[in-house]
Amino acid sequence: MNDQNKKQLLINKLQGWLADSAILSSEEELRPYECDGLSAYRELPLLVVLPETIEQVQAIIRLCASLEIPVVARGAGTGLSGGALPLSNGVLLSLAKFNRILDIDQLNRTARVQPGVRNLAISEAAAPYGLYYAPDPSSQIACSIGGNVAENSGGVHCLKYGLTVHNVQQLKVVTIGGDVLTIGGSGFDSAGYDLLALMCGSEGMLVVIVEITVKLLPKPEYAQLVMAAFDDVAKAGQAVGGIIAAGIVPAGLEMMDNPAIRASEAFVNAGYPTSAAAILLCELDGARAEVQQQIQKVQELLRHSGATSLRVSSNDAERELLWKGRKAAFPAVGRLAPDYYCMDGTIPRHQLPYVLQRISELSGEFRLQVANVFHAGDGNLHPLILYDANKEGELQKVEQLGGKILELCVEAGGTITGEHGVGVEKINQMCVQFSPLALRQFHAVKQVFDEKQLLNPGKAVPTLHRCAELGAMHVHGGKLPFPELERF
Amino acid sequence: MSDLTEQLQAQVQHALQARTPLVIQGGGSKSFYGNACEGSVLSVREHRGIVEYEPEELVITARAGTSLMEIETTLARHGQMLLFEPPHFGETATLGGAIACGFSGPRRPFAGSARDFVLGCKILTGKGEVIEFGGRVIKNVAGYDVPRLMAGALGTLGVILEVSLKVLPSPEAEVTLAMPAHINEAIDIMNARAGQPLPLSAAVYDGEAVVMRLSGAVQGVSAARKKIAGDELKQGPAFWQQIKEQRHFFFDDDIPLWRLSLAPATLHLGLPGSWLFDWGGALRWLKTDATPHDVRDAVAAEGGHATLFKYKEYWEQREPYCVFHPLPPALMAIHQKLKTAFDPEKILNRHRLYEDKF
């Protein structure tokens, strides 16, 4: 059966239990789904379906499995690695209609929600109880919690409060066989293997998530932010180490370089010092007296590290304004050039001066401007490469530069993705970061859940064949690992 | 400080060829835990040493046989700690055993569990392959989260050779408060407190009193101290040590000891026996002669699970492999396939987690 025949058969069957409006099949209906937040990659799916009950999801998955049609799940489509990029021969399963908050349990401090609920909506619903959901990706006004779990999203507060994996307690998932499983327990752990950890960040490759119970935390009594300017990026990097070494765990600790500062300032007028080489934003939260004590200490440390100016937020409005510049850094940088490409490596913090120096050299070599925003507390770097997709060959150049930056992060002892996921974007660099044995074991894990490779196939984990063709085999100390292995 | 990777790999490869099971052993401090398993001993105790520790990076990497005490002492010298407060259950406790068992101490509800702090690991699979997963940085989402899957897997998916953990600064100040309470009030008190912005770092009900610990900066702790009723317990650190290491008098006798994992605010269960609540009510220790069936029915009705933790001989003789809560068939099928993906001949800690299929 060819794809068109499959498509017609699918539509005929789906019409039995989905409203016509929940099945999108014409080109103009499919177009909005051709990409996620990584618009450099586009593909039209065979079909988009928008179920609204778990039973419908089960039926769709069973049907697709029986016809061996791949399924790509999608939440809000804000992902930055192409994890929700459709497949031309696959069904795009939108969970947008799963948008209800099912329960807020005040005493147990949990929220049970559907996957299409927006990240920020959870905190808004929990606010009357003095509670909130801690992970806060910059896209939190739009991104969905299902996508957060699939990508194990971070945010500006993860140094202190953890990633998504640390804040999820239970999942309801649909397997490729159409079964509904409960992963995790009502308490803090469950019997058997920690499948909950395995699900978080599995990029839609193992199961489809249909319900999520997240942990809620009491809203801190007080929060205050210090902004420090530096005339040298390396000094700002050292200041970060100094704060950590002093035993302080800030709620957020962010850094921006000069191009990012200027772009953000022009966009939101937060009052950033546009001549600074770098700024640090350091937020502390807790009891008022505690925060005030620590703010003093942090200011001393920052001065000692060579900060050229300091500004302390005097109220929540000012604090939020200073954050606004950081959270809007991506769209702000987007105004400097027709297109930008966001990278997501993590490095050991002490490597920051070296890595930034190399990025600046690479930026010169490739003649592409790079702005850097950095979750400095946890070493997660977001270089933003500016370009113009309409210029012939420029995107290819950008991808090459991006690849080099990711390899640089691995070389520095880090990783190719801190919080955005591998998706289609970083799949080649997986060959650099992981050994063939590790990749083979990832495939074995995938097989456990999805023998026929129907859930988001081709994403996140490259085939060994692909790695061999790229010639990008994981090389350590100049030696090919496991010389006994076949190289295809 | 020695790297025995090659010897250990050779031993596993040999066992694989001969299809003989291996019992992984570190310091032996937690050998009481889990179902009985048989086989020749694969000792990782001498595979030891801290491989990398840069305090400012908040990450420590060490080999599995490194003693937990050595790790904690080293961290303490730099004002840092393992925030999940791993129970040792003996002086010989090793890092590998702590992660393989996945135990976490009283700080767990407020700071996170053992698995939460795992960043990367090197394992030796049942296929005799040495593989590294994860990394040595705090944030890393490349590849499936195999490192965290190893936490609590009891070595059944691979021999842990090396682990990287996130570490954090130790709190500047701590104070312990005790408030006499009836068992029926204890759950409400602990959970109401946990919903407020207080620097709580432990909440226990020991049968007589709710005992809570506040941790953090000096000012924060003293401000919180004023908001909570209760008398300061001068022997606070000793009390928490007793709770964590099960040296509190509650754990003295040898009645079957059950570990119940429940939503923290779950109402007190009507099972016979005596109780100690940890983790603000999410972890409940029960000494009881009730049957495994009765205990598990009561716990499962609340969405939790029950582990026969210690003093299990009586039930083991009657119901072999009864230590862990049975899994629904669909989940058990996934567990079996995962086991096969990492250890196809089932040579690693056979039976320790679940009956003959493991």
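Calculation notes
Within any chain, residue numbers begin from 1 and follow the written order of that chain's sequence. Chains and ligands are labelled by the order in which they are written, letters from A for the one and numbers from 1 for the other. The predicted origin of the model limits local features to residues at a pLDDT of at least 70 and limits the giving and counting of side-chain atom pairs to 80 or more, whereas totals for whole chains, interfaces and linings rest on all residues. Excluding hydrogens and water, the side-chain figures rest on all heavy atoms present in the structure. Contact definition: two residues touch when any of their heavy atoms are within 4.5 Å. Put simply, buried area is the surface a 1.4 Å probe can reach on two separate parts but cannot reach once they are joined, added for both. Salt bridges are counted wherever a side-chain nitrogen of Lys or Arg sits within 4 Å of a carboxyl oxygen of Asp or Glu. N or O atoms within 3.5 Å of each other form a polar contact, as long as, within protein, one can give a hydrogen and the other can take it, and as long as residues adjacent in sequence are counted only when both atoms are side-chain atoms. The numbering of helices and of strands both runs from the N terminus, where a helix is a DSSP run of H or I of at least 4 residues and a strand a run of E of at least 2. Each residue is assigned to one of three groups, with Ala, Val, Leu, Ile, Met, Phe, Trp, Tyr, Cys and Pro labelled nonpolar, Asp, Glu, Lys and Arg labelled charged, and all others, Gly among them, labelled polar. Note on pairing: two strands pair once DSSP finds at least 2 bridges between them. Fitted lines through C-alpha atoms serve as axes, helices being fitted only where they are in contact, and the angles separating the N-to-C directions of these axes extend from 0 to 180 degrees. For the purposes of this analysis, a disulfide is any pair of cysteine sulfur atoms at a distance within 2.5 Å. Pairs were defined over the aromatic rings of Phe, Tyr and Trp, the Trp ring being its six-membered one, requiring ring centres within 6.5 Å. Orientation was assigned from the angle between planes: stacked under 30 degrees, edge-to-face over 60, tilted for the rest. Think of it in three bands: with a 1.4 Å probe and only protein chains considered, a residue is buried below 20% of the maximum accessible area for its type, exposed above 50%, and partly exposed in between. Both a distance and an angle decide whether a charge sits over a ring: NZ of Lys or CZ of Arg must be within 6 Å of the ring centre and within 35 degrees of the ring normal. Note that the domain bounds were set by an automatic or database domain assignment. When describing relative orientation, an angle under 35 degrees is termed roughly parallel and one over 145 degrees roughly antiparallel, while 65 to 115 degrees is termed roughly perpendicular and anything else oblique.

Novice: So what exactly am I meant to see when it comes to the interface of chain A and chain B here?
Specialist: Accessible area lost when the parts come together is the quantity often used to give the size of an interface. Listed as interface residues are 84 residues of chain A and, on the opposing side, 75 residues of chain B. Here chain A and chain B share an interface that buries about 6,400 Å² over both sides, 61% of which is from carbon and sulfur atoms. Taken as a group, Phe188(A), Tyr193(A) and Gln441(A) account for 14% of the area that chain A buries against chain B, more than any other trio of residues on that side. Inspection of the chain A/chain B interface yields six salt bridges. For Arg115(B), the salt bridge identified is with Asp194(A), shortest N-O distance 2.7 Å. Inspection of the region where chain A meets chain B yields 27 residue pairs in polar contact (both at pLDDT 80 or more). Counting residues per element, the ones that place at least two in the side of chain A that touches chain B are helix 6 (158-161), strand 9 (180-184), helix 7 (195-199), helix 8 (233-245), helix 10 (288-304), helix 15 (427-433) and helix 16 (436-449) of chain A. Element by element, the count of residues in the side of chain A that touches chain B is highest for helix 16 of chain A, at nine residues. For the side of chain A that touches chain B, a count of residues per class yields 40 nonpolar, 31 polar and 13 charged.

Novice: What exactly am I supposed to notice about the sheet that holds strand 8 (residues 159-166) of chain B here?
Specialist: Residues and elements named next belong to chain B. Here five strands make up an open sheet; going across it, the order is 3-4-8-6-7 and the pairing antiparallel. Edge positions in the sheet fall to strand 3 (50-54) and strand 7 (130-134), since each has one partner strand and no second. Each adjacent strand pair in this sheet contributes to an overall mean axis angle of 10°, direction not counted. Where strand 6 (residues 118-124) meets strand 7, five bridges bridge the pair, whose relative direction is antiparallel. Across the sheet, Gly120 pairs through a bridge with Gly134, a residue of strand 7. Seen against the sheet, helix 2 (residues 68-77) touches strand 3 and strand 4 (59-63) and runs at an angle of roughly 20° to strand 3.

Novice: When you look at the state of the cysteines in this model, what are you seeing that I'm missing?
Specialist: The term disulfide refers to a covalent linkage connecting the sulfur atoms of a pair of cysteines. All names here are of chain A. Applying the stated criterion to the full structure yields one disulfide over all chains. Two residues share a disulfide in this structure: Cys431 and Cys467, whose sulfurs sit 2.0 Å from each other. As the torsion about the S-S bond is roughly -75°, the Cys431-Cys467 disulfide counts as left-handed. With Cys431 in helix 15 and Cys467 in helix 17 (residues 464-470), this pair connects stretches of sequence that are 36 residues apart.

Novice: Whenever I open this one, the packing of aromatic side chains confuses me. Can you help?
Specialist: Residues and elements named next belong to chain B. Taken as a whole and assessed by the stated rule, the structure comprises 24 aromatic pairs over all chains. Seen from their ring centres, Tyr33 and Phe309 are 5.3 Å apart, and the 50° between their planes marks the pair as tilted. A residue pair is termed long-range when its members are at least 10 positions apart, and Tyr33 in the loop between strand 1 (22-25) and strand 2 (40-43) and Phe309 in strand 17 (residues 305-310) qualify at 276 residues. Given a relative accessible area of 8%, Tyr33 falls into the buried group. Put simply, the rings of Phe32, Tyr33, Phe89, Phe103, Phe250, Phe251, Trp285, Phe309, Phe324 and Tyr354 pair up and form one aromatic cluster. A cation over an aromatic ring shows up here: Arg108 above the ring of Trp279, its NZ or CZ 5.6 Å from the ring centre. Arg213 extends its terminal NZ or CZ atom over the ring of Trp240, reaching a point 5.1 Å from the ring centre.

Novice: Quick question: what am I supposed to make of the sheet that holds strand 4 (residues 91-94) of chain A here?
Specialist: Note: strands within a sheet are paired through backbone hydrogen bonds, in either parallel or antiparallel orientation. All names here are of chain A. Read from one edge to the other, the open sheet built from four strands follows the order 1-2-4-3, with strand pairing classed as mixed. The open sheet has two edge strands, strand 1 (23-24) and strand 3 (71-74), and neither has a second partner. Across two bridges, strand 1 lies against strand 2 (residues 47-49) in antiparallel orientation. When the bridges of strand 2 are listed, Leu24 appears paired with Val48. Running at roughly 20° to strand 2, helix 1 (residues 3-14) makes contact with strand 1, strand 2 and strand 4 of the sheet. Contacts between helix 3 (residues 54-67) and the sheet are confined to strand 2, strand 3 and strand 4, with strand 4 contributing the most and set at about 170° to the helix.

Novice: For this particular structure, what's the right way to read the environment of Ala62(B)?
Specialist: All names here are of chain B. With respect to the helices, strands and loops of the structure, Ala62 is situated in strand 4. Remark: the alpha-carbon pair of Ala62 and Val163, spanning 101 residues in sequence, is separated by 5.7 Å. In contact with Ala62, other than residues within four places in its own chain, are Gly49, Ile50, Val51, Ile71, Leu95, Leu161, Glu162 and Val163.

Novice: Would you take a moment to explain unusual backbone geometry for this structure?
Specialist: Most peptide bonds take the trans configuration, and most residues that are not glycine carry a negative phi. All names here are of chain A. For Arg367, which is not glycine, the phi dihedral falls at a positive 55°. Locating Arg367 in the fold gives a position in the loop between helix 13 (352-366) and strand 18 (370-375). Overall, Arg367 belongs to the exposed group, its relative accessible area being 75%. The residue Asn456 is not glycine, and still its phi comes out positive at about 45°. Within the secondary structure, Asn456 sits in the loop between helix 16 and helix 17.

Novice: How do you make sense of the domain arrangement of chain B when you look at a structure like this?
Specialist: All names here are of chain B. Once the domains are mapped, chain B shows domain 1 (3-169), domain 2 (173-244) and domain 3 (253-316). Taking only C-alpha atoms, the centre of domain 1 and the centre of domain 3 are 27 Å apart. Listed as interface residues are 12 residues of domain 1 and, on the opposing side, eight residues of domain 3. By the criterion of area lost to domain 3, the three top residues of domain 1 are Phe32, Tyr33 and Pro109, representing 48% of everything that side buries. Inspection of the region where domain 1 meets domain 3 yields zero salt bridges. Counting across the interface, domain 1 meets domain 3 through three residue pairs in polar contact (both at pLDDT 80 or more). For the side of domain 1 that touches domain 3, the class distribution of residues is seven nonpolar, four polar and one charged.

Novice: I would appreciate a short explanation of the environment of Ala306(B) in the present structure.
Specialist: Residues and elements named next belong to chain B. Note that Ala306 resides in strand 17. Spatially, the C-alpha atom of Ala306 lies 5.6 Å from that of His325, the residues being 19 residues apart in sequence. With residues near it in sequence (within four places) discarded, Ala306 still touches Trp258, Arg259, Leu260, Val295, Arg296, Val299, Val323, Phe324 and His325.

Novice: Please explain the pairing of strand 3 of chain B as it appears in this structure.
Specialist: Residues and elements named next belong to chain B. Relative to strand 4, strand 3 is paired through four bridges, and the arrangement is antiparallel. When the sheet's bridge partners are listed, Glu52 is paired in strand 4 with Thr61. Taking the residues between adjacent antiparallel strands as the criterion, strand 3 and strand 4 are bridged by four residues, where Leu58 takes a positive phi near 60°.

Novice: Even after reading the chapter, I still don't get the side chain of Asn119(A), so can you show me in this structure?
Specialist: Residues and elements named next belong to chain A. Structurally, the position occupied by Asn119 is in helix 4 (residues 119-126). At a separation of 3.3 Å, a polar atom in the side chain of Asn119 contacts the side chain of Gln140. Excluding residues within four positions of it along the chain, Asn119 makes contact with Tyr133, Pro135, Asp136, Pro137, Gln140, Cys143, Ser144, Ile145 and Asn148.

Novice: Which parts of the structure should I look at to understand the packing of helix 10 of chain A against helix 8 (residues 218-225) of chain B?
Specialist: Running from N to C, helix 10 of chain A and helix 8 of chain B cross one another at 170°; their axes reach a closest spacing of 7 Å. When the axes of helix 10 of chain A and helix 8 of chain B are compared, the pair comes out roughly antiparallel. Counting all contacts with helix 10 of chain A, which are made through Ala289(A), Glu290(A) and Gln293(A), the residues of helix 8 of chain B involved are Val218(B), Gln219(B) and Gly220(B). Across the contact of helix 10 of chain A with helix 8 of chain B, the residue classes tally to two nonpolar, three polar and one charged.

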